[in-house]
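Each chain is listed here by its residues.
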Amino acid sequence: MLETSARLLRLLSLLQAHRDSSGPALAERLGVTPRTVRRDVERLREFGYPVHATPGTGGGCQLGAGARLPPLLLDDEEAVAVAVGLRTAAGRGVEGIGETSVQALAKLEQVLPDRLRRRVSALTTFTVPMLRAAPHADQQVDPAVLTELANACHDSERLRFRYQDHNGSESRRTVEPHRLVCTERRWYLVAWDVDRDGWRTFRADRITPTPPHGPRCAGGTPWSSAVETLGETPPAEDLAAYVARGVSTAAYTARAVIRLHTTAAEAAELIGPSDGVLEAESDTTCLLHTGASSLDVLVIHVVLMGLEFEVVEPAVLDDHIRTVRDRLSRALERSARSGPSAPAAGTPRSPGGADRTPATPTG
């Protein structure tokens, strides 16, 4: 029985690797007779794998798309390539990779032989990516941390970790994890903080897990404490919008609502989730909810978006805009009087954006 099972897996691997394989060719590779191959094909069909056979001299067997995904049998090179791809994407915070991709990485790394683990580690450690708008070094997330967080969410298991806020202060947290949310640059964990009795959002790159974790959450849901104590459900149906509000607006001391004279779809091409939350208003305008560490920085943040706008609230922001306008006008007048001049050698150029470091951590 063991020999038959191993041969079926080998046959399945051959059918995945070769689009069309003749019966005699499969029999030669497996070291069996064509009749045995025909029996094995029938067994695969009984297991639900759609193996299509074409009769004739040029015919052969082909694995088609079925109702469920068959086990993917990868050779060493393919396994390394997939693992490196998943780890690289997870570590760079690629938008849309999702928690399921991190879960796939966890499953793959769990079964990789030691020799392949070393190859994957070497490739990811000694490869330097050259990406546009790459995150700073201190914003990188260890893929192992992501898989640990994803597994805790999946298993409804309490999670213990050290958390460092933006000031460098460290605290110990015990949470019931709910979901991972990713943007182009960062990963966030949405969880119920057991000690603080409330929902919190944590930046994954600031999390250092401190196992052992557990126990499993009562009732099998990662927010059981919230349900038991406050009768609450998860903080929002749209967790991406919930996190976007927290990291772009709620985390800042200076907040504003700006009316942009463009559609929400057009504004979204310039404004990311970390920059603010967009709300459609009409066919020609939309509202931007955003924040910054101060009103002066908020003015720069809005102006550099390059869109026509007006302030909805707060009214005091208009005063800061006037102050900046007057300062710029005086600078232009002085430049006109003194004549054009080249920038001094070594003068750093503006990166094109303002520092919007949150005044308070979201966690």
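Note: the structure precedes this text.
All of the points below concern the structure found in this document. (Residues numbered from 1 in each chain as written. Predicted model: local features only at pLDDT ≥ 70, side-chain atom pairs only at ≥ 80, totals over all residues. Heavy atoms only, no water.)

Looking at the packing of helix H11 (residues 295-303) against helix H12 (residues 316-338)
With their axes 9 Å apart at the nearest point, H11 and H12 run at an angle of 75 degrees to one another. By the angle between their axes, H11 is roughly perpendicular relative to H12. In this structure, H11 uses Leu295, Asp296, Leu298 and Val299 to contact H12, whose residues at the interface are Val316, Leu317, His320, Ile321 and Val324. The residue makeup of the contact of H11 with H12, split by class, is 7 nonpolar, 1 polar and 1 charged. (Axes fitted to C-alpha atoms, helices over the stretch in contact; angles between N-to-C directions. Helix = DSSP H or I, 4+ residues; strand = E, 2+ residues; numbered from the N terminus. Parallel < 35°, antiparallel > 145°, perpendicular 65-115°, else oblique. Contact = heavy atoms within 4.5 Å. Nonpolar A, V, L, I, M, F, W, Y, C, P; charged D, E, K, R; others polar.)

Here we look at the environment of threonine 208
Residue placement: threonine 208 occurs in strand S7 (residues 207-209). For the pair formed by threonine 208 and valine 145, sequence separation is 63 residues and the distance between their alpha carbons is 7.6 Å. Excluding residues within four positions of it along the chain, threonine 208 makes contact with Phe161 and Arg162.

Some points on the sheet that holds strand S10 (residues 286-292)
In space, the 4 strands of this open sheet follow the order S9-S10-S8-S11, with antiparallel pairing throughout. The strands lining the two open edges of the sheet, one partner per strand, are strand S9 (277-280) and strand S11 (309-313). Between one strand axis and the next, the sheet turns through 30 degrees on average, direction left out of account. Bridge analysis of strand S8 (residues 254-260) against S11 gives 4 bridges, and the strand direction is antiparallel. Note that in S11 the partner of isoleucine 258 across the bridge is valine 311. Relative to the sheet, H11 contacts S8, S10 and S11, its axis offset from that of S10 by approximately 140 degrees. Sitting on the sheet, H12 touches S8 and S11, and the angle it makes with S11 is about 145 degrees. (Pairing = 2+ DSSP bridges.)

Overview of the packing of aromatic side chains
Enumeration over the complete set of coordinates arrives at 4 aromatic pairs. Between tyrosine 163 and phenylalanine 202, the ring centres sit 5.0 Å apart and the planes meet at 80 degrees, which makes this aromatic pair edge-to-face. Taken together, the residues span a long stretch of sequence, with tyrosine 163 in strand S3 (residues 159-164) and phenylalanine 202 in strand S6 (residues 198-203) at a distance of 39 residues. Since its relative accessible area comes to 0%, phenylalanine 202 is described here as buried. Between tryptophan 192 and tryptophan 199, the ring centres sit 5.6 Å apart and the planes meet at 80 degrees, which makes this aromatic pair edge-to-face. Side by side, tryptophan 192 and tryptophan 199 carry an identical accessibility label, which is buried. Through a chain of ring-to-ring contacts, three or more aromatic side chains come together here, namely Phe161, Tyr163 and Phe202. (Phe/Tyr/Trp six-rings, centres within 6.5 Å; stacked < 30°, edge-to-face > 60°. Buried < 20%, exposed > 50% of the residue type's maximum accessible area, 1.4 Å probe, protein only.)

Re helix H2 (residues 23-30)
Inspection of H2 places Leu26, Ala27 and Leu30 among the buried residues, and these make up the whole buried set. In an axial view of H2, the angular spread of the buried residues amounts to 100 degrees, which keeps them on one side of the axis. Facing away from the buried side of H2 by more than 90 degrees, the exposed set consists of Pro24 and Glu28. Note on H2: the residue one or two positions beyond its end, glycine 31, has a positive phi of about 75 degrees. (Arc of directions from axis to C-beta.)

Notes on the sheet that holds strand S5 (residues 187-193)
Read from one edge to the other, the open sheet built from 5 strands follows the order S6-S5-S4-S3-S7, with strand pairing classed as antiparallel. The open sheet terminates on both sides in strands that have one partner only, identified here as S6 and S7. When the angles between neighbouring strand axes are averaged without regard to direction, this sheet yields 50 degrees. Bridge count between S3 and strand S4 (residues 170-182): 6 bridges; the pairing is antiparallel. When the sheet's bridge partners are listed, arginine 160 is paired in S4 with threonine 174. Lying on the sheet, helix H7 (residues 143-154) is in contact with S3, S4, S5 and S7; it crosses S4 at an angle near 80 degrees.

Considerations on the pattern of salt bridges
Enumeration according to the criterion identifies 12 salt bridges in this entry. Notably, a salt bridge pairs arginine 322 with aspartate 319, separated by 2.9 Å at the nearest N-O pair. Of the two residues, arginine 322 and aspartate 319 are both situated in helix H12; the distance of 3 residues between them amounts to about one turn of the helix. With a relative accessible area of 42%, arginine 322 lands in the partly exposed category. The exposure class of aspartate 319 is partly exposed, given its relative accessible area of 43%. The network of salt bridges with shared partners includes Arg7, Asp40 and Arg43. (Salt bridge = Lys/Arg side-chain N within 4 Å of Asp/Glu carboxyl O.)

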